[in-house]
Structure formats: C-alpha cells, structure tokens
Amino acid sequence: MELRNVKIAEADFLKSRAEVLAQWPTGSRVDLDEAVEFHKSLRPEKNFSLKLKEAKDRGTTLIQPRAGVALVSEHIELLTYLQNEGEADLLPTTIDSYTRQNRYKDAENGIEESVRQCKSMLNGFPAVNHGVDSCRLLIQSLDIPIQVRHGTPDARLLTEISYAGGFSGYEGGGISYNIPYAKNVALDTTIRNWQYVDRLTGLYEEMGVSINREPFGPLTGTLVPPCVSHAVAIIESLLAAEQGVKSITVGYGQCGNLAQDVAAIRTLEELTNSYLIDYGYKDVVVTTVLHQWMGGFPQDESKAFGVISWGSAVGALAKATKIIVKTPHEAIGIPTMQANAQGLRCTKQLISMLADQRLENPCVDDEKRIITAETRCIIDKCFELGEGDIAVGTVRAFQAGVIDVPFAPSRYNMGKMLPARDDDGAIRIFAPGALPLSKDLLDFNADKINQRAKIERRDASFQMVIDDVYAISKGRLVGRP
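Keep in mind the model is a prediction, meaning the values are calculated, not measured.

1. Details of the packing of helix 14 (residues 362-385) against helix 15 (residues 390-400)
Consideration 1: Two elements in contact, helix 14 and helix 15, have axes separated by 7 Å at closest approach and are oriented at 105 degrees. With respect to helix 15, the element helix 14 is oriented roughly perpendicular. Two secondary-structure elements touch here, helix 14 through C382, F383 and L385 and helix 15 through I390, G393, R396 and A397.
Consideration 2: In the contact of helix 14 with helix 15, the residues fall into five nonpolar, one polar and one charged.

2. Side note on the pattern of salt bridges
Consideration 1: Counted according to the given criterion, the structure contains 35 salt bridges.
Consideration 2: One salt bridge in this structure joins R103 and D106, with 2.8 Å as the shortest N-O distance.
Consideration 3: Using a relative accessible area of 35% as the deciding quantity, one classes R103 as partly exposed.
Consideration 4: What makes D106 partly exposed here is its relative accessible area of 27%.
Consideration 5: The closest approach of N and O atoms between R396 and E387, which form a salt bridge, is 3.4 Å.
Consideration 6: Residue R396 is classed as partly exposed on the basis of its relative accessible area of 34%.
Consideration 7: The exposed category is assigned to E387, whose relative accessible area is 70%.
Consideration 8: A cluster of three or more residues bridged by salt bridges with shared partners is formed by D423, R452, E456, R458, D467, D468 and R480.

3. What to know about the packing of aromatic side chains
Consideration 1: Scanning all chains against the criterion turns up 10 aromatic pairs.
Consideration 2: Seen in terms of ring centroids, Y177 and W194 are 5.7 Å apart; in terms of plane orientation they differ by 75 degrees. Their pairing is edge-to-face. Here the residue Y177 occupies a position in the loop between strand 4 (169-171) and helix 9 (187-206), and W194 occupies one in helix 9, the gap between them amounting to 17 residues. By the burial criterion, Y177 is buried, and W194 matches it.
Consideration 3: Of note, R136 hangs over the ring of F38, and the distance from its end group to the ring centre comes to 4.3 Å.
Consideration 4: Sitting above the plane of the Y196 ring, R156 keeps its charged end 6.0 Å from the centroid.

4. Here's the deal with the packing of helix 10 (residues 226-242) against helix 15
Consideration 1: Look at helix 10 against helix 15: their axes get within 10 Å of each other, and the N-to-C directions meet at 150 degrees. Classified by the interaxial angle, the pair formed by helix 10 and helix 15 is roughly antiparallel. Taken as a pair, helix 10 and helix 15 cross one another with a handedness that is left-handed. Each of I235, L238 and L239 in helix 10 lies in contact with helix 15, whose residues at this interface are I390, A391 and T394.
Consideration 2: Residues that form the contact of helix 10 with helix 15 fall into these classes: five nonpolar, one polar and no charged.

5. Details of a nonpolar patch on the surface
Consideration 1: Taken together, the side chains of F462, I466 and Y470 present a nonpolar region at the surface, about 290 Å² in accessible area.
Consideration 2: Structurally, I466 is set in helix 17 (residues 462-471).
Consideration 3: The partly exposed category is assigned to I466, whose relative accessible area is 31%.

6. Overview of helix 16 (residues 439-456)
Consideration 1: The first and last C-alpha atoms of helix 16 sit 26 Å apart over 18 residues, in line with the 26 Å expected at 1.5 Å per residue.
Consideration 2: Taken together, the buried positions of helix 16 are L441, N445, K448, I449, R452, A453 and E456. Viewed along the axis of helix 16, the buried residues span an arc of 135 degrees, placing them on a single side of the element. In helix 16, those exposed residues whose orientation departs by more than 90 degrees from the buried face are K439, D440, K454 and I455.
Consideration 3: On the buried face of helix 16, the contacting elements are helix 14, strand 9 (418-421), strand 10 (427-431) and helix 17.

The rules behind each value
- Residues numbered from 1 in each chain as written.
- Predicted model: local features only at pLDDT ≥ 70, side-chain atom pairs only at ≥ 80, totals over all residues.
- Heavy atoms only, no water.
- Axes fitted to C-alpha atoms, helices over the stretch in contact; angles between N-to-C directions.
- Helix = DSSP H or I, 4+ residues; strand = E, 2+ residues; numbered from the N terminus.
- Parallel < 35°, antiparallel > 145°, perpendicular 65-115°, else oblique.
- Contact = heavy atoms within 4.5 Å.
- Nonpolar A, V, L, I, M, F, W, Y, C, P; charged D, E, K, R; others polar.
- Salt bridge = Lys/Arg side-chain N within 4 Å of Asp/Glu carboxyl O.
- Buried < 20%, exposed > 50% of the residue type's maximum accessible area, 1.4 Å probe, protein only.
- Phe/Tyr/Trp six-rings, centres within 6.5 Å; stacked < 30°, edge-to-face > 60°.
- Lys NZ or Arg CZ within 6 Å of the ring centre and 35° of its normal.
- Left-handed = near helix turned anticlockwise from the far one by under 90°.
- Patch = residues over 30% accessible without salt bridge, like charges linked within 9 Å, V, L, I, M, F, W, Y side chains within 5 Å.
- Areas by Shrake-Rupley, 256 points an atom, 1.4 Å probe, with all protein chains shown as cover.
- Expected span 1.5 Å × (residues − 1).
- Arc of directions from axis to C-beta.

Structure follows, in structure tokens:
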C-alpha cells in the first residue's frame, strides 16, 4: 500500500484487522461493538481524555508515574498504591520489552517464570498475553484513568487488546516509537502501522468513546532541541487527526533551562493547534505533557529529589496539562513502589505551591520566538518535500536529514545534527547537519555556542556535547570543563 496521509478505507482496515487479531490467540476475544459498550459502562472519571480536558479547562496540572510488572494481581497492587499513597491523578501501564518487540511467546515464558519466582521477571505488563478480560479487571480495580505506555514500532495487536480491555489513553507514534527505539525498522512501515492504531482510535471516537493519543515527546531523551521534538509531535498529531483522533496530548522532555522549557511547552500547544486548524482539523482537543528530566540522574536520593523538583516547577509554571514523574531511584534501576510514590508526592507538592503562579518574562518570550521559527522551518520543509502530504514528506525529511534526532539508534535517521548547551544551559544546535533553518537562526545558534566556548576558554567542539550529556548526573546543568 502506498504511503499517504489519507484516512484508511474501511475495507482495507478490516482486511488488515483480521490479520492483526490472528497474531496471538487473545486477539480472538476482541469485539469492537462489545468493547465500545464496555467503555460506556465505565464511570466518566475513568476516561483519560475527559480527565485531561477537565484539567485543561481548569488550568490545573495532573501527575502520572511510570510503572508496570508482569502479573495482573501484582500490577493492580502497584497501581493501587500509586493511586492511594502516591496521590497520582493518572496511572500508567508500562508494557514489557518482549511485547514491544511482538515476541509474545517470550512474554508468555516471562509470565510463567514470574509465577514460579513469585516476583516480576518482566520489565512491564504483557497486556497482549493477559488479554482483554485481565485488562478489564485492571481497569475495574482502579478509580482513575490508566494509559498504556510502551515503545513498540508495530503496536497494532497491543492497541486492539488495550482498547478492548478498557484503556482510554495510549502513547506512541510511527516516528517517536521507531527512531529512538529501533535500528532497522523502516519509517514508512511504522507510519503505516500507526495509521492503523489511529484509525482504530478514530473508530472508537465515531462510536462515542474518546481515547487519548499521546506522541512520545522526549524521543531519545537527552539534549533534544525543542524544534526537533516539536516537529515530530506535530507531525504525529496531524497523522492521528487524519485518521479521526480527537484527543491528542503532545509532549516535551525537560531540557533544564527554565525559560526555554516553559517556552517549549507553551509553543508546543500553540503550534500543534495552529497546524491542526490550518490543515482542517478544527475539533481536536490538544493538551500537553512535560516529561521530567530523561537523562542521567544523581545516585544520591536527596540530589535526585532536586532534579524531580526542578521538573515539577517547570511543568507547573508552564501550565502543562500533566507531568510524567521520575523517582529518586532513577539512577539505580526499577524503583520500589514506595520510591515511585515519593516522586509523585514531591511533584504534587511543587505543583500545589506554584498553582497560582505563571512565569512571564522577556526571556520566555524570546525563547518562544526562536522555537516557533525553528519548528516552522522544519515542518514547512516536510510539507514541501511531500508535495503537500505530511506522511510522504516525513519519510523524505528523515532521508534528507531535515528531521534529525540526536543520538537515535535508527539507521533511517541521518545522525548528523548535534546539540549542545549555551552558557545559560539552553539547548542549541551545535552541528546543524541538514536542518532547514534560516541563516538568521543558524547564526543565532552558532553565536550562542561560541559565547559559551569563549567564557569557558576552549574551542566549541564535540567535547561540549559529551560534557553536557553527563552534567546533571554530576550535579550541574552545563558540562563545564
């Protein structure tokens, strides 16, 4: 099938759907009409889209952790603790690595081993293997909405099981769950896979059930310039809207400079709304999510709480709709549920203290202008390359390096663009590669990097990039020599 940003025809979708549901035995339990009725039987406060829209309308910021274990009963216990003791507003179900790679037999072995060992032997919840009814037990056992979070290039069966199981929030996209996660998966393939996901979401919407879709904002998580992550989020929003998605949460990974991060969250919502409306999608509700620092963390828990608090302040001051919360065990490994709850309560305290404050100053305004201009350069070039079709243009943009995600493993990513911090800790373009920025924007970024180099009395070089990657884990924002 030729790749185009066009709503999938019903006959084509149903043909693909039969093949998808046959990938694992639990797919036979999926019935769209019955699943819609199950969603409608749930209390409105369990719907992810409705909870986000309510927060957006009130101007409040919600908190959500990451969490997932192998067995249903233990996962319910974990999420119940995070709901009650962590005071989470929204809950996750993080999917295990085998399921992300469509290795369902290995996931089945992991479940069996978890039962034998009496502890989780998987790094997440294998939703496909557990099937529709187990997912529904999870949904019915909690009081607040739950979202599926994973990292799957081909998430079609996972989506079917998740939606039929009652999940009303779903993360990912054809770019954001490919380029940062996979090495050898072609981009046109994953965009098609996720068009299926979004078409299914659109079908639920047409039948009266709103399911929130969230592109994965941080991408590779470290030093990603806002214009790059914004471009991906906006493109995935346009692709989703074409398939009928009406609730979209666009995300951004905290970079560390307060003015730039606040400006990034605000411009992300503004630009996404602008492009959706310009291309005819006028009835989409756009919300935002800030991911707390996605890079290296200090091992000392007290210092880790400092990093968590800084991200909480950014999200609160930017008025993000929700914050994805980290834990004080981030540098150690999988956190205990107690540590996970501590990160949530820390974040909620900061949000409560800053609820009545909003950051307005010229630095934020300056960053907004720069981010907006850079992002528009990239998106508009994608449309040009695709001759008006954003799906085609995106594939060609990655081939040409017009979109270039730093530190991504994918061989379909050019890997020539490099970021570094300026002297104030904001992320700038150190090596632009083929990013289609105007001369003024390229000169601005170069000047910012050179100013830092002069102050540090060294040449602007790749060593700056390396120093910045490790800086926060060593207690600094800017990687000084």
